[in-house]
Amino acid sequence: MGKKVIVVDDAPIIRLMLKDILEYNGYEVLCECANGQEAVDQFKALQPDLMTLDIVMPEKDGIAALEEILSIDENAKIVMVTAVDQRESLMKAIRAGATDYIVKPFENDRVVSAVKKAFGEE
Amino acid sequence: MDTKEEKKEIVVGMADIKVGEAPSVLLTNLGSCIGLCLYDPQRKIGGLLHLMMPSAGAAVNKSELKKAKYADTGIQELLQQLKNIYGVRVSDCSAKIFGGAKILQGNIHNIGMDNDAAVRAILKDLGIRVGACKTGGEKGYKLKFNLETGAVACQIFGEQIQEF
Amino acid sequence: MTEKKKIDRALKLIAGLSIDKSSQVLSKMIKMGASIEMRDVYMADISQLTANRTAEDEKEVVGAFIDLVGDAPFKFLFYVSADDSLVLTDLILRREVGTSKEFDLYSQSAVQEIGNILASAITNVFATDFQISMRPSPPVVVNDYASTIFQEYIMSAALERDEILIIETVFCVVQQDISCRMFILPMQESEKILNYIVSTM
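For every chain, the first residue of the written sequence is number 1, and numbering continues from 1 along that sequence. In the order they appear in the text, chains get letters beginning with A and ligands get numbers beginning with 1. Owing to the predicted nature of the model, reporting of local features is limited to residues with pLDDT of at least 70; listing and counting of side-chain atom pairs is limited to 80 or more, with chain, interface and lining totals taken over all residues. The basis for the side-chain values is all heavy atoms of the structure; hydrogens and waters are excluded.

K.L.:
I tried to follow the environment of Leu11 of chain C on my own but got confused; where do I start?
P.N.:
Residue and element names in this part refer to chain C. You can see Leu11 is positioned in helix H1 (residues 3-30). Partly exposed residues are those whose accessible area sits between 20% and 50% of the maximum for their type, while under 20% is buried and over 50% is exposed, using a 1.4 Å probe and protein chains only. In this structure Leu11 comes out as buried when scored by relative accessible area, which is 0%. For the pair Leu11 and Asn195, spaced 184 residues apart in sequence, the C-alpha to C-alpha distance is 10.0 Å. Any two residues whose heavy atoms approach within 4.5 Å at even a single point are treated as in contact. Setting aside residues no more than four positions away along its own chain, Leu11 makes contact with Val41, Phe74, Leu165, Ile167, Pro186 and Leu194. Only DSSP runs of H or I reaching four residues or more are called helices, and only runs of E reaching two or more are called strands; each is numbered from the N terminus.

K.L.:
Looking at this structure, I do not really get the pattern of salt bridges. What am I missing?
P.N.:
Two side chains with opposite charge may pair up if their charged atoms get near one another. Salt bridges are defined by distance alone: a side-chain nitrogen of Lys or Arg within 4 Å of a carboxyl oxygen of Asp or Glu. Enumeration according to the criterion identifies 28 salt bridges over all chains in this entry. One continuous salt-bridge network, built from bridges that share partners, spans Asp9, Asp54 and Lys104 of chain A together with Glu113 of chain C.

K.L.:
I would appreciate a short explanation of the sheet that holds strand E4 (residues 78-83) of chain A in the present structure.
P.N.:
Backbone hydrogen bonds are what pair the strands of a sheet, in a parallel or an antiparallel way. Residue and element names in this part refer to chain A. Strand pairing follows a simple DSSP-based rule, namely that at least 2 bridges must link the two strands. The five strands lie next to each other as E2-E1-E3-E4-E5, forming an open sheet whose pairing is parallel. Of all strands in the sheet, those with a lone pairing partner are strand E2 (28-33) and strand E5 (100-104), marking the two edges. Within the sheet, the average angular offset between the axes of one strand and its neighbour, ignoring direction, is 20 degrees. Sheet analysis places strand E1 (residues 4-8) next to strand E3 (residues 50-54), joined by four bridges and oriented parallel. Its bridge partner lying in E3, Val5 is registered against Leu50. Each axis is a line fitted through C-alpha atoms, and for a helix only the stretch in contact is used; angles between axes span 0 to 180 degrees, taken between their N-to-C directions.

K.L.:
Looking at this structure, how should I read the sheet that holds strand E10 (residues 161-163) of chain B?
P.N.:
Within the open sheet, the five strands sit side by side as E1-E3-E8-E9-E10 (chain B). Their pairing is mixed. Edge positions in the sheet fall to strand E1 (9-11) and E10 of chain B, since each of these pairs with one other strand and no more. With strand direction ignored, the average angle separating the axes of adjacent strands in the sheet is 20 degrees. The pairing of strand E9 (residues 152-156) of chain B with E10 of chain B spans three bridges and is antiparallel. Within E10 of chain B, the position partnered with Cys154 of chain B by the bridge is Gln162 of chain B. Against the sheet, helix H5 (residues 146-160) of chain C touches strand E3 (25-30) and strand E8 (141-146) of chain B, its axis set at about 60 degrees to E3 of chain B.

Quick look at the structure:
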C-alpha cells in the first residue's frame, strides 16, 4: 500500500470525494474525521504520512487543529482544504506551517498535485 | 337550488393574527413559533395567532408594537378582534395549541418551549379551556384550522396528518 | 439620499457581485451551468413575507443555514427540494443522475457543502471588493417544510424589527430542471458597514 493519509472535513460528501481521489491514485486512507478534535486525536493515534484538513468545521476548526498537530510533530504534512479563497484563513494556515492548500470546489488533478508536491513527488 | 360557499383559505404569517367565520379555513406553518387557535363553536367563529416570543417585555411601550409577535399582547389582541368584529366573548372560546418545535439543533435556546409555556399560562389565567395541544419536537407543523367544524388538521413534517 | 435608500443601494451592489460569483462557483461544483433565474433585493413585512412562503406550499426542502460573521454580520440560507438534492449529490460526485435514490447522509452533506461554498464566495466578495473581513460559520442542515425553514432563518432579524431587507436569488441548473434558492439577510449591526460601502461608491 502507498502512503497513509487521514481525510478531515465536516461534510461527508467531501470526505468521500477526497477518499476516492486519493485511493484511486494509490494512497491509503487510514480514516476520516469530521472535526478538528477528531483530527488531532487520530493524528496522535495513527501517525499518518499526510492529512487533508478542512478549515471551517464545528468544535475545533482547521487552524486550531493544524497548530496543535504541528506542536506534536513540526514536520507533519498538512494540506488545508478551503472553500473559495478564504485568504485570511489561508495565510494564517501557511504562516502556521501548512504544507499547501486546495480550494473547493476542487478538481481531481489539483488534489493529486498538492499531495504529490507535499511528498516531494513532483 | 343549493349554493355551496367556497371555503376561503386565509394564510397566517409569522407574528400575525387572522380571524374569520365558517366556512373559512385558516392556514399557517410553524417552527419554534406557537399557533394558537381560538374557536367559538356556537357562532362558528375563530382566530389564529402565530406568535414568536413569550412576552413583549419593555417593547410593550413602543408606539408601533407588532402585538402578534408576543404571547401576552398577541392573545389580548386576538380576543379583542374576536370581540370587536364578531362579538365573541372570552367565555365562548376554547383553545388549541400547536408548534413550539426546536428546528435548529445545537447550543441554541429552545424558544419554542418558552412560547408553549407562556401561552398555557396566559390561557389558564383567562380561564380559557385548552381542548387540544400538540407541541414540541424538532420538525415543522402545517396547520389547517377549519372554522366550519373547529377541527385543526395538523401535519408535522415527515408524519401523517392528525386531526385535533 | 435617505438611510434606507443608501442601504438598499449598497445591498444591490453586494447582491450583484455575490450572486455572480456564487453562480460561477456552483456551476464549477456541479460541472453544469447554474444560471440566475431571479435576483431581487426587497424590504418586506415579516408577516407578509412568511405568509407568502406558506401560500406557495413548497415541497419538503433541505436547507443549509450559515452565519456570515465579522465586520458586517449577515445570515445566509440555501435550500433545494429533497428530490433535487439527490440530483445535486450525483452531479457533485460525478455519478449518473438517478444513482442516488434516497435522501441520506451524502445528499444532506451535498446541500451542506453547496451552502458552505456559496457562503464563502460571498465572504470572498466582501473581502476582495469591499475589504470587509467576514467568515462563514459551519453550516447547519435542516430537512423540513420550506416555510418552516424560512421562518427559522429570518427569526433573529424578525425579533429585532418588523420589516426586513432581504436578498433572494433563484438559481436554475440548466439541463436538470433544478431550482435552488439562496437568501442573504443583513443583521442590524451591518448598517454602519453598508453605509460605509455606499460612501465609497
